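Understanding the architecture of this molecule
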Amino acid sequence: MSKINKRERSFTFGGITKNVLNPDPRSRAWVEVDSKVIENNSRVLKNFIGTDCLLMAVVKADGYGHGAETVAKAALIGGADCLGVATLEEGIQLRNAGLKCHILILGNLINAEELYASFCWDLIPTISGIREAIICNNIAENNHKKFVIHLKVDTGMARLGCDCNQVEELITKIDCLENISLEGIYSHLAIADKDLENNTQTSFTQIQLNRFEKVLKDLGKRNKILCRHLANSAGTLLDSRLHFDMVRVGLSLYGYFPANDFQSDLNLTPALKVKARVTLVRDVEKGIGVGYGHIFKTQRKSKLAVVAIGYADGVSRTLSGKISASIDGVLVPQVGAIAMDQMVFDITDKPDIKTGQVLTLLGTDGEICISPQHWCDLSGSIPWEVLCSFRNRLPRVVA
């Protein structure tokens, strides 16, 4: 993630050295992120959960496509207490960016090398069993320092985490490991987003809550000193009983509700826009096939705009002929197959568009707002996938 940089750089070719300006990241297509919006969303969410509950900003998958470093810094300014990532590499990236807060790795690290790196970078690993706990203990013993970990419990996702019925026994074993500091215990909700969409709490979410509460009750006084967390974005918005000591918020941090048509008084604002420039405008006759396979043919004499963004940038080919972009607050339809690096828009009804003008594919442009949910409705996807699809070759520009 970078702001616009027009500094010169030198290159030598054929024995001749020349100075050239760094290319403008907005020359072709880019993701535009408003860090102040992220900061405000974090503040809104922190106020919503209250002072007795910690806010974890989940910045995995490069901050859901927004740029992990930018999102993390903005979220912490807005009141987030700690960060969540999926991989060791994501945690190291944030440490290299100078972030000192607690960072929990939500994925499982399974070998000694990874866990040792986590220890060295002061990252908190998620543990699902005694094997990894013993590795962590040995690492800490050799380095004369406690290794902080969180234990994950499977209450109904059937993914990571130990079985609910084995938690008490597992923690007893962990407590015998003198170099381990078990500071947190958590689980993950499977269908809270569906509950949010239906404005009800299903029996299964209640089952997961009951299972988690039973695990904590069985631990007795031991659970009082642990950081207990269960809720994702949907769970956070659904029911305060799911909050416990901390919530892990991802999608809502970026300004989206994790359920279609969910109504809320929370003032969350989308922080991301996807923009691209028109690289060519051309006039074509009626009956001309456009793009691969000629899945679209002009029905009239038409004016077309070519835009240099495609499925290699994260715009799914399944959206071909279904989406529109906004320019100056006016929608223009995309036509033909979305290619790897190009797509075409029919601008016949807005013929004043010129080469170099900017189209907004996602985000707000004037009175027009194109949301990830709109793309999901057209492609059968989900907002999380849409946001995480934008490839690294799309520059991230902080607006």
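Structure shown above.
Quick notes on the rules
Residues numbered from 1 in each chain as written. Predicted model: local features only at pLDDT ≥ 70, side-chain atom pairs only at ≥ 80, totals over all residues. Heavy atoms only, no water. Helix = DSSP H or I, 4+ residues; strand = E, 2+ residues; numbered from the N terminus. Contact = heavy atoms within 4.5 Å. Areas by Shrake-Rupley, 256 points an atom, 1.4 Å probe, with all protein chains shown as cover. Core = buried A, V, L, I, M, F, W, Y, C linked by side-chain atoms within 4.5 Å. Buried < 20%, exposed > 50% of the residue type's maximum accessible area, 1.4 Å probe, protein only. Arc of directions from axis to C-beta. Pairing = 2+ DSSP bridges. Salt bridge = Lys/Arg side-chain N within 4 Å of Asp/Glu carboxyl O. Right-handed = clockwise from strand over helix to strand, strands pointing away. Polar contact = N/O pair within 3.5 Å; in protein donor to acceptor, adjacent residues only side chain to side chain. Axes fitted to C-alpha atoms, helices over the stretch in contact; angles between N-to-C directions. Parallel < 35°, antiparallel > 145°, perpendicular 65-115°, else oblique. Left-handed = near helix turned anticlockwise from the far one by under 90°. Nonpolar A, V, L, I, M, F, W, Y, C, P; charged D, E, K, R; others polar.

1. Remarks on the overall build of the protein chain
When its secondary structure is counted, the protein chain shows 12 helices and 22 strands. Seen along its three principal axes, the alpha-carbon backbone of the protein chain occupies a region of about 75 × 65 × 40 Å. Taking all contacts inside the protein chain whose residues are at least 6 apart in sequence as the whole, residues at least 24 apart take part in 65%. As displayed, the protein chain offers around 18900 Å² of accessible surface, 50% of which is attributable to carbon and sulfur atoms.

2. A word on the nonpolar core
Counting residues in hydrophobic clusters, the biggest one holds 117 residues, and the most contacted among them are I185, I309, L361 and W375. Not counting residues within four places of it along the chain, the set of residues in contact with I309 comprises R28, A29, V274, A276, V315, D341, Q342, M343, L361 and L394. V284, L304, V306 and V335 belong to the second-largest nonpolar core, a separate cluster that totals 6 residues.

3. Remarks on helix α11 (residues 372-379)
Of all the positions in α11, only P372, W375 and C376 are classed as buried. Taken end-on, α11 shows its buried residues confined to a sector of 105 degrees, consistent with a single buried face. Its buried side turned inward, α11 meets β20 (358-365), β21 (368-370) and α12 (383-388). Just beyond α11, the residue with positive phi is G380, at close to 75 degrees.

4. Comments concerning the pairing of strand β10 (residues 180-186)
With 5 of 7 residues buried, β10 lies mostly within the body of the structure. Relative to β10, strand β8 (residues 147-154) runs parallel, the two being bridged by 6 bridges. When the bridges of β10 are listed, H150 appears paired with G184. Here β10 runs beside strand β11 (residues 227-229); their pairing, made up of 3 bridges, is parallel. When the bridges of β11 are listed, I185 appears paired with R228.

5. Description of the pattern of salt bridges
Counted according to the given criterion, the structure contains 19 salt bridges. With its nearest N and O atoms 3.2 Å apart, the salt bridge here joins D24 to R26. D24 gets classed as partly exposed once you look at its relative accessible area, which sits at 24%. Using a relative accessible area of 26% as the deciding quantity, one classes R26 as partly exposed. A salt bridge links D341 to R393; its shortest N-O distance comes to 2.6 Å. Of this pair, D341 sits in the loop between β18 (330-335) and β19 (343-346) while R393 is found in the loop between α12 and β22 (396-398), placing the two residues 52 residues apart along the sequence.

6. Here we look at the pairing of strand β6 (residues 103-108)
Most of β6 sits inside the fold, with 5 of its 6 residues counted as buried. For the segment spanning strand β5 (residues 82-85), helix α4 (residues 88-96) and β6, crossover handedness is right-handed. Pairing analysis gives 2 bridges linking β6 to strand β7 (residues 124-127), with the strands arranged parallel. Following the sheet pairing, L104 is matched in β7 by I124. In this fold, the crossover linking β6 to β7 by way of helix α5 (residues 112-120) has right-handed handedness.

7. A short note on the environment of D24
Within the secondary structure layout, D24 lies in the loop between β2 (16-21) and β3 (29-33). Remark: the alpha-carbon pair of D24 and P395, spanning 371 residues in sequence, is separated by 9.6 Å. Within the structure, the side chain of D24 is placed 2.9 Å from the backbone nitrogen of R26, a separation counted as a polar contact.

8. Comments concerning the environment of A308
Within the element layout of this structure, A308 appears in the loop between β16 (302-307) and β17 (324-327). Taking the C-alpha atoms as reference, A308 lies 6.9 Å from A276; in sequence the two are 32 residues apart. Sequence-distant contacts of A308, that is, excluding residues within four places in its chain, are made with R28, A29, R277, T279, D313, D341 and Q342.

9. Re the packing of helix α1 (residues 35-49) against helix α3 (residues 68-78)
For any two helices packed against each other, one specifies the inter-axial angle together with the distance between the axes. Interhelical geometry of α1 versus α3 gives an angle of 45 degrees and a closest axis separation of 7 Å. As far as their axial angle goes, α3 and α1 are oblique. Like other packed secondary-structure pairs, α1 and α3 cross with a definite hand, here right-handed. Contacts from S35, I38, E39, S42 and R43 of α1 reach α3 at T70, V71, A74, A75, I77 and G78. Among the residues forming the contact of α1 with α3, the class breakdown is 5 nonpolar, 4 polar and 2 charged.

10. Brief notes about helix α7 (residues 167-175)
Those residues of α7 that sit buried are V167, L170, I171 and I174. Taken down its axis, α7 places every buried residue within 95 degrees of arc, on the same side. Lining the buried residues of α7 we find α6 (130-143), β8, β9 (162-163), β10 and α9 (203-218).

11. Section: the packing of α5 against α6
The interhelical angle for the contact between α5 and α6, taken along N-to-C directions, is 50 degrees, at an axis separation of 10 Å. Judged by the inter-axis angle, α5 sits oblique to α6. Where α5 crosses over α6, the handedness of that crossing is right-handed. Contacts between α5 and α6 pair A112, L115, Y116 and F119 from the former with E132, I135, C136, I139, A140 and N143 from the latter.

12. Let's talk about unusual backbone geometry
For A61, which is not glycine, the phi torsion reads 55 degrees and is therefore positive. Structurally, A61 can be placed in helix α2 (residues 60-64). By relative accessible area, which is 36% here, A61 ends up partly exposed.

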